[in-house]
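Each chain, letter by letter, is given below.
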Amino acid sequence: MSRFDATAGPANWSGVLAMTLCVFALIASEFMPVSLLTPLAADLGVTEGLAGYGIAISGAFAVLTSLSVSRLAGNINRRTLLLTLTGLMAVSGLVVALAPNYPVYMGGRALIGVVIGGFWSLSAATAMRLVPAAQVPRALAIFNGGNALATVVAAPLGSYLGGIIGWRGAFLCLLPVAGVALVWQWICLPSMAAEGRPPQGGVIALFGRRVVALGMVACGAFFMGQFALFTYVRPFLERVTRADESAVPLVLLAIGASGFVGTLAIGAFLRRGLYRTLVTIPALMAVIAVALVPLGPQLWPTAALFSAWGLLATAAPVGWWSWLARTFTDNAEAGGGLMVAVVQCSIALGSTVGGLLLDSFGFASTFMAGAGLLLIAALLAYLTAAESTPACEPAVAAQARG
């Protein structure tokens, strides 16, 4: 597949910011059910485990979309495609907010999955066409800033709004944000003709490289472990910690705020050792998951542990995208599509496994399973470091030894 060339003209920072607002709305829409799981499940007449499958189905449809969007979109102008996806995000929010029953709710969640897979698969290539080559890293960092900001505010704000206007009202509050993002992109995004063609054998063929296979499986195990636990944070706080309605949003805010700090700080650790960071983060998160089992009934230790969890979990994706950029030097767009598929599939599997264990055996089994998956991720990241060579990733040999 041919690579997109960064624009030679002036940087279109307004377009970058418009897409960043879309990222914010998209991430908030994707994970809003996490903070509203209890009232949502009660209103739809299902268990919290089944309600958590709303995360799983969005991840599953994101996988299907990320693997096929380039082929299905064909020669459609990428500006038109991005605007369509943003409009579908608003439609998804409306469907979920007005859902009269569980199947309609799941249909709305499937639609947001289509938007997630399509948008993230196009995001890096779009950044390269909005700004000069030297500014592409900065543009991608701004995109990630929208992600981090949504992580900070979505869960506590959703919980707070859910307590005042109900979970349906909380979802409706996302519609104006999506509308502003759509209009802003309509004004600022340039025409972007389709370029290149899918790689021979599709993106799955990239698994033929051992370092790619190991790295992607390590990344997948990380997100499975994270979301096996994180999807069910609110029920844990309410039923195990017995936090009241005012404490739950504050704990969720602490998770998001510490995650924002982690996103700002992780760059220094990545410069000192990419693989050391990719191994250490899931190992520490596994320790936190195990510690939450005996300490869960105590509010302050639980809040502190979840804050540390947020610090690590929100920063980790920056590390994996850095690995992607170093590993896929000639086909970053194909690698990005594969990464989106792996991450979203892992989120779907993790939240599903967590829900099954929660409904069958309780929170301890869910949290211990998450810890086990995170330890597997740490081991696989170590093996990926050992497999890497200077030919495929600069300075990796030294980092692997470090």
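Before reading further, recall that the structure is shown in the block above.
Here's what I pulled together on the structure shown here. (Residues numbered from 1 in each chain as written. Predicted model: local features only at pLDDT ≥ 70, side-chain atom pairs only at ≥ 80, totals over all residues. Heavy atoms only, no water.)

Let us now look at helix H10 (residues 274-295). The end-to-end C-alpha separation of H10 is 32 Å, in line with the 32 Å expected for 22 residues at 1.5 Å each. Along H10, the residues classified as buried are Leu274, Tyr275, Thr277, Leu278, Ile281, Pro282, Met285, Ala286, Ile288, Ala289 and Leu292. (Helix = DSSP H or I, 4+ residues; strand = E, 2+ residues; numbered from the N terminus. Expected span 1.5 Å × (residues − 1). Buried < 20%, exposed > 50% of the residue type's maximum accessible area, 1.4 Å probe, protein only.)

Moving on, we come to the packing of aromatic side chains. For the structure on display, the rule yields 10 aromatic pairs. Ring centres of Phe236 and Phe306 lie 6.0 Å apart, and the angle between their planes is 85°; this geometry places the pair in the edge-to-face category. One end of the pair, Phe236, is in helix H8 (residues 233-239); the other, Phe306, is in helix H11 (residues 299-327), with 70 residues separating them in the sequence. We classify Phe306 as buried; its relative accessible area is 1%. A ring pair is formed by Trp320 and Trp323, whose centres lie 5.6 Å apart and whose planes are at 80°; its orientation type is edge-to-face. One end of the pair, Trp320, and the other, Trp323, are both in helix H11, three residues apart, so they sit about a helical turn from each other. A relative accessible area of 3% places Trp320 in the buried class. In this structure Trp323 comes out as buried when scored by relative accessible area, which is 0%. Feature note: the residues Phe236, Phe306, Phe363 and Phe367 constitute an aromatic cluster, connected by ring pairs. (Phe/Tyr/Trp six-rings, centres within 6.5 Å; stacked < 30°, edge-to-face > 60°.)

Okay, the side chain of Ser159 next. Mapped onto the elements, Ser159 comes out in helix H5 (residues 136-172). For Ser159, a relative accessible area of 7% gives the class buried. A polar contact of 3.4 Å, which involves the side chain of Ser159, links it to the side chain of Arg234. Residues in contact with Ser159, not counting those within four places in the same chain, are Ser35, Leu36, Arg234, Val248, Pro249 and Leu252. (Polar contact = N/O pair within 3.5 Å; in protein donor to acceptor, adjacent residues only side chain to side chain. Contact = heavy atoms within 4.5 Å.)

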